[in-house]
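# A look at the structure
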Amino acid sequence: MTVRDVARVVILAWGWKRTGIAFGAGALGALAMPPFGVFPVLAISFPLLVWLLDGASAAGGGWRTVLAAGRTGWWFGFGYHLAGLWWVGSAFLVEADRFAWLLPAAVTLLPAGLALFTALGTILARLFWRPGARRILALALGLTIAEFLRGTVLTGFPWNLYGYALTQYLWLAQGASLVGVYGLTLVAILVFASPTVLGDEDASPTARWAVPTGAVLSLMCLALFGGWRVSTTEIGFVPGVKLRIVQPDIPQDQRFRPEARDAILARYAELSDKPTSPERSGIRDVTHVIWPESAFPFFLIWDREALAKIADLVPPGVTLITGAARPDEPLPGRREPRVFNSAYVIDHEGVIGETYDKVHLVPFGEYLPFHDRLEALGLEAITRQRGGFSAGDRRRTLRVSGAPPVGILICYEVIFPGAVTAADLRPQWLLNLTNDAWFGVTPGPFQHMHQTAVRAIEEGLPVVRAANNGISAVVDPAGRILRSLPLGARDVLDADLPRPLPRTVFSRAGHVPLAVACLGILLILLSSRRRKIRQMM
């Protein structure tokens, strides 16, 4: 069977066959994401989607065609997100007696909601649909706009953007320093949808092969740029900074139990003072100790005994940076204190200095939208904080003794392209404090780690990552993982701090190049439509 035969079958498919092809094509595309990284599968998924959208015109034209395209896009997106995000349900098994009943809804409703953006993208694409290779431009424009909206609307969830398919290979990933992962999303759709024209019956052999060949050449150019950037980028290290990252691997069902207080503190103390080499025989041989997100099942700022133990552990000249829940004054009319998911900088006397409050919270995980009504129905955030966490007011760069200014990103704050640094003072390195114990040994922690590394490339900044149970790592500004601890390890990671690079094109221009590219594609599509109208007249 030739490509044209396959295209014909897909275009003419209807009913449950059409639905099955769309769902399967989307699910297949999820293999392009970590930890699998089989990005060539998108060269199957996207052509199938294009041919399905070609066949949408059989719905009767006009708004029926547009609705058929939307249904096709929804099933494609549902398959993609269901196959790529099924692991989210693991969080509801940590306390199965309380939350397991929510698992089916969590596993299906999140992909179903995210698929609405894919449906919007295919609707937009179909509105600008043109014959031949131009319909690839329409698909790329529609899906890129939809992916950008998915990452921003309703607090956003830019997880598994299509552009990440290109970033799992270091040379290709360097394109993120120019256009960010949203820009690479546009490139990925254009490249991997290019085999569509091989199935066009009315195209000449030369035309059919010109587009895929151009796509391959584009990838080669991207790889050449990346190879040049990696080979010519020399990464130095900040003198006098010796980091110790603690990965305690505390089970998630123990992290919120007050009775585990002493055992948790003891584990942190033991690992923080662990000898790892003749040069680093304990905590006195490092300058900065880093503990992960929400390290304690209590409010550290209210626990003088715990702060005293930290003071006994941390010698002079050493600074502790740790995640911790932070209580604050209640809002007017309420009795419960506000609680923030925060990071503390603590000196050798146990004194808390700089503080950062997480700005971008996880809906339903760290807070409940309309929490008064939902809590009245018996729902609660899985972090078990009544009313959920409160959000910090702004991104901040912290000044840490003995180290360059640092931008702290707690948990999934690191997944938002172009939104990881403060506006007033640019940090010299990024620190991601996270947990990830919610999701066990699933693709989730690997995807989270990979997105963290891409932020380093986009911003030209080193990223240090401290996770409760993995993956902890030090990433240089070119996205190379210099040192890491595997998922589920209980250990410490000693490392030097890489220097930052000069600001990247993306860190300066943000999403402007992407907007210009999308505008250019739109003008091409509109001009071809005007030309067609003039020919008809």
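Quick note: structure is the one above.
None of these values were measured; they are calculated from a predicted model.

Calculation rules
Residues numbered from 1 in each chain as written. Predicted model: local features only at pLDDT ≥ 70, side-chain atom pairs only at ≥ 80, totals over all residues. Heavy atoms only, no water. Helix = DSSP H or I, 4+ residues; strand = E, 2+ residues; numbered from the N terminus. Rg over C-alpha atoms; globule rule 2.2 N^0.38 Å. Buried < 20%, exposed > 50% of the residue type's maximum accessible area, 1.4 Å probe, protein only. Areas by Shrake-Rupley, 256 points an atom, 1.4 Å probe, with all protein chains shown as cover. Lys, Arg positive; Asp, Glu negative; His and termini not counted. Charge placed at Lys NZ, Arg CZ, Asp CG, Glu CD. Axes fitted to C-alpha atoms, helices over the stretch in contact; angles between N-to-C directions. Parallel < 35°, antiparallel > 145°, perpendicular 65-115°, else oblique. Left-handed = near helix turned anticlockwise from the far one by under 90°. Contact = heavy atoms within 4.5 Å. Nonpolar A, V, L, I, M, F, W, Y, C, P; charged D, E, K, R; others polar. Phe/Tyr/Trp six-rings, centres within 6.5 Å; stacked < 30°, edge-to-face > 60°. Polar contact = N/O pair within 3.5 Å; in protein donor to acceptor, adjacent residues only side chain to side chain. Core = buried A, V, L, I, M, F, W, Y, C linked by side-chain atoms within 4.5 Å. Pairing = 2+ DSSP bridges. Patch = residues over 30% accessible without salt bridge, like charges linked within 9 Å, V, L, I, M, F, W, Y side chains within 5 Å. Salt bridge = Lys/Arg side-chain N within 4 Å of Asp/Glu carboxyl O.

## Considering the overall build of the protein
Secondary structure assignment for the protein yields 17 helices and twelve strands. In terms of overall size, the protein behaves like a compact globule, its C-alpha atoms giving a radius of gyration of 25 Å where 537 residues would be expected to give roughly 24 Å. Its C-alpha atoms give the protein principal-axis dimensions of about 85 × 60 × 40 Å. Sorting the 537 residues of the protein into buried and exposed places 55% on the buried side. Within the structure as shown, the protein displays about 22,600 Å² of accessible surface, and the carbon and sulfur contribution to it stands at 63%. Averaging the locations of the 51 positively and 42 negatively charged side chains of the protein gives two centres separated by 12 Å.

## Considering the environment of Arg-399
With respect to the helices and strands, the residue Arg-399 is situated in the loop between strand S6 (397-398) and strand S7 (406-410). Assessed through its relative accessible area of 54%, Arg-399 is described here as exposed. In the structure, Arg-399 is positioned 239 residues away from Asn-160 in sequence and 32 Å away in space, judged by C-alpha atoms.

## Brief notes about the packing of helix H1 (residues 3-12) against helix H3 (residues 42-54)
Contact geometry for H1 and H3: axes closest at 8 Å, N-to-C directions at 50 degrees. By the criterion of interaxial angle, the relationship of H1 to H3 is oblique. Considering how the two elements wind past one another, H1 and H3 form a crossing that is right-handed. Contacts between H1 and H3 involve Val-3, Val-6, Ala-7, Val-10 and Ile-11 from the first element and Leu-48, Trp-51, Leu-52 and Asp-54 from the second. Split by residue class, the contact of H1 with H3 holds eight nonpolar, no polar and one charged.

## Overview of the packing of aromatic side chains
Counted under the stated rule, the structure contains 22 aromatic pairs. Where Phe-296 meets Phe-298, the ring centres are 5.3 Å apart and the plane angle is 40 degrees; that geometry is what we call tilted. Of the residues examined, Phe-298 reaches a relative accessible area of 14% and is grouped as buried. Here the aromatic cluster, defined as three or more aromatic residues joined through ring pairs, consists of Trp-87, Phe-157, Trp-159, Tyr-412, Phe-416 and Phe-439.

## Some remarks on the environment of Trp-87
Along the polypeptide, Trp-87 turns up in the loop between helix H4 (63-85) and helix H5 (96-99). When the C-alpha atoms of Trp-87 and Arg-257 are compared, they prove to be 24 Å apart, with 170 residues separating the residues in sequence. Ignoring anything within four residues of it in the chain, the contact list for Trp-87 reads Trp-159, Phe-439, Thr-442, Pro-443, Gly-444 and Gln-447. Among the polar contacts made by the side chain of Trp-87, one reaches the side chain of Gln-447 at a distance of 3.3 Å.

## Quick notes on the nonpolar core
Counting 59 residues, the largest nonpolar core has Phe-46, Leu-139, Leu-166 and Phe-192 as its most contacted members. With nine residues, the top contributor of residues to this core is helix H9 (residues 176-192). Not counting residues up to four positions away in its chain, the partners in contact with Phe-192 are Phe-39, Leu-42, Ala-43, Phe-46, Pro-47 and Leu-166. Core analysis: the second largest hydrophobic core is formed by 50 residues, Trp-87, Val-400, Val-474 and Leu-493 among them.

## What about the sheet that holds strand S2 (residues 288-290)?
With respect to topology, six strands assemble into an open sheet ordered S5-S4-S3-S2-S1-S12, the strand pairing being mixed. Each edge of the open sheet is held by one strand with a lone partner, namely strand S5 (352-357) and strand S12 (491-498). Across the sheet, the mean angle separating the axes of adjacent strands is 35 degrees when strand polarity is ignored. When strand S1 (residues 237-247) meets S2, the two strands line up parallel, connected through three bridges. Along S2, the bridge assignment pairs Leu-243 with His-288. Its contacts with the sheet put helix H12 (residues 261-272) on S1, S2 and S12, and the angle it makes with S1 is roughly 140 degrees.

## Topic: a nonpolar patch on the surface
Residues Leu-31, Phe-36 and Val-38 make up a contiguous nonpolar surface patch of about 250 Å² in total accessible area. Within the fold, Phe-36 resides in the loop between helix H2 (16-29) and H3. Judged by relative accessible area, Phe-36 falls into the partly exposed class, the value being 49%.

## Some points on the packing of H2 against H4
The axes of two packed helices give the description: the angle between them and the distance between them. The N-to-C vectors of H2 and H4 enclose an angle of 40 degrees; their axes lie 6 Å apart at closest approach. The element H2 and its partner H4 pack so that their crossing is right-handed. On H4, the residues that touch Arg-18, Thr-19, Ala-22, Phe-23, Ala-25, Gly-26, Ala-27 and Gly-29 of H2 are Thr-72, Trp-75, Phe-76, Phe-78, Gly-79, Tyr-80, Leu-82 and Ala-83. When the residues that make up the contact of H2 with H4 are grouped by side-chain class, the tally is ten nonpolar, five polar and one charged.

## Focus: the sheet that holds S6
Pairing within the open sheet is mixed, and its six strands lie in the order S6-S7-S8-S9-S10-S11. Every other strand in the sheet has two partners, leaving S6 and strand S11 (481-484) as the edge strands with one partner each. Pairing of S7 with strand S8 (residues 429-434), which is carried by five bridges, proceeds in the parallel orientation. Looking at S8, one finds that Gly-407 is bridged to Leu-430. Relative to the sheet, helix H15 (residues 443-459) contacts S8, strand S9 (463-467), strand S10 (473-475) and S11, its axis offset from that of S9 by approximately 160 degrees.

## Here's the deal with unusual backbone geometry
Of note, the amide linkage connecting Pro-34 to Pro-35 takes the cis form, showing an omega dihedral of 0 degrees. The backbone of Leu-154 sits at a positive phi, close to 55 degrees, despite the residue not being glycine. Tracing the sequence through the fold places Leu-154 in the loop between helix H7 (134-150) and helix H8 (170-173).

## Description of the pattern of salt bridges
For side chains bearing opposite charge, pairing can occur when the charged atoms are close. Taken as a whole, this structure holds 24 salt bridges when the rule is applied. Notably, a salt bridge pairs Arg-8 with Asp-5, separated by 3.0 Å at the nearest N-O pair. Taken together, the residues Arg-8 and Asp-5, both in helix H1 and three residues apart, mark about one turn of the helix. Judged by its relative accessible area of 26%, Asp-5 falls in the partly exposed class. With a shortest N-O distance of 3.8 Å, Lys-309 and Glu-305 are connected by a salt bridge. In this pair, Lys-309 and Glu-305 both sit in helix H13 (residues 304-313), four residues apart, roughly one turn of the helix. Assessed through its relative accessible area of 36%, Lys-309 is described here as partly exposed. Judged by relative accessible area, which is 47%, Glu-305 ranks as partly exposed. Linked through salt bridges whose partners overlap, the residues forming this network are Arg-261, Asp-262, Asp-303, Glu-305 and Lys-309.

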